[in-house]
Amino acid sequence: MQPLDLTDTRLLQAMAKDPRRTVVALAQKLGLSRNTVQARMAQLEKKSVFLSFERRINTVSLGYPLTAFIHVHVQQQKLAAITHSIAAVPEVVEAFGLTGQADILVRVVAVDAEDLFRINGKILGCDGVERCDTSLAMGELIPFRVEPLLARGPRTSS
């Protein structure tokens, strides 16, 4: 991916502070033309810089006040099938492949402890899953953010 330049990061900072701001308002705020802002936004979208709107929906508002992280230990040769099975569980909101002791880190949401037990059982029931270690999130200390990275400006790899 081609790195972002200072204009891109300024645009992203402005959008992060006020995501509902119009293209015209962004152009005025940044001292750029409307066409420049529109073109930059189109380029950023083409580069897959923007995540889906779905990531901004609070699962608590949907009736899932519990968040847990499940470390899943799997038979490596079945990883693709296990990933497919885990993705079929609606309460799974994201998952990452890991290095270290566990193979997959799964973030799930649940209605309550009983519901979490059910979800954990579904994951454990996937063919090739050897065991799960579940940690209940007590509270979000640092929400997802990129503002500090935007404030640093674009970086290039060495």
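Provided above is the structure to which this section pertains.
On a predicted model such as this, the values are computed, not experimentally measured, just so you know. (Residues numbered from 1 in each chain as written. Predicted model: local features only at pLDDT ≥ 70, side-chain atom pairs only at ≥ 80, totals over all residues. Heavy atoms only, no water.)

Enquirer: Sorry, what's going on with the packing of helix α1 (residues 6-17) against helix α3 (residues 34-46) here?
Expert: Angle between the axes and distance between the axes are the two parameters that describe a pair of packed helices. Where α1 meets α3, the axes come as close as 11 Å, and the angle between the chain directions of the two elements is 90 degrees. In terms of axis orientation, α1 runs roughly perpendicular to α3. Contact residues: α1 offers T7, D8, L11, L12 and M15, while α3 offers V37, R40, M41 and L44. Tallied by class, the residues present in the contact of α1 with α3 amount to six nonpolar, one polar and two charged. (Axes fitted to C-alpha atoms, helices over the stretch in contact; angles between N-to-C directions. Helix = DSSP H or I, 4+ residues; strand = E, 2+ residues; numbered from the N terminus. Parallel < 35°, antiparallel > 145°, perpendicular 65-115°, else oblique. Contact = heavy atoms within 4.5 Å. Nonpolar A, V, L, I, M, F, W, Y, C, P; charged D, E, K, R; others polar.)

Enquirer: Before we go on, may I ask you to explain helix α5 (residues 113-124) in this structure?
Expert: Structural remark: α-helix, 3.6 residues per turn; residues separated by three or four positions point the same way. For α5, with 12 residues, the first-to-last C-alpha span of 16 Å sits near the 16 Å given by 1.5 Å per residue. Listing the buried residues of α5 in full gives D115, L116, I119, N120 and I123. With its buried residues spanning 140 degrees around the axis, α5 presents them on a single face. Exposed and oriented more than 90 degrees from the buried face of α5 are E114 and F117. The secondary structure elements touched by the buried residues of α5 are β1 (66-74), α4 (79-87), β2 (92-97), β3 (104-110) and β4 (129-136). Its side-chain oxygen at 3.2 Å from the backbone nitrogen of E114, D112 defines the N-terminal cap of α5. (Expected span 1.5 Å × (residues − 1). Buried < 20%, exposed > 50% of the residue type's maximum accessible area, 1.4 Å probe, protein only. Arc of directions from axis to C-beta. Polar contact = N/O pair within 3.5 Å; in protein donor to acceptor, adjacent residues only side chain to side chain.)

Enquirer: Mind showing me how you'd approach the pairing of β1 here?
Expert: Within a regular strand, the side chains alternate between the two sheet faces. Across seven bridges, β1 lies against β3 in antiparallel orientation. Among the inter-strand pairings, F69 is bridged to a residue of β3, identified as R107. One ladder, built from seven bridges, connects β1 with β4; its direction is antiparallel. Each residue of the ladder has a partner; that of V74, found in β4, is V129. (Pairing = 2+ DSSP bridges.)

Enquirer: Looking at this model, I keep getting lost on the sheet that holds β2. Mind explaining?
Expert: Within a sheet, adjacent strands bond to each other through the backbone by hydrogen bonds, running parallel or antiparallel. What the four strands build is an open sheet, ordered β2-β3-β1-β4; its pairing is antiparallel. If you trace the sheet from one side to the other, it starts and ends with β2 and β4, each paired once. Going across the sheet, the axis of each strand differs from the next one's by a mean of 20 degrees, ignoring polarity. Where β2 meets β3, five bridges bridge the pair, whose relative direction is antiparallel. Looking at β3, one finds that F96 is bridged to L105. Across the face of the sheet, α4 comes into contact with β1, β2, β3 and β4 while running at roughly 10 degrees to β3. Where α5 meets the sheet, it contacts β1, β2, β3 and β4, and its direction lies at approximately 155 degrees from that of β4.

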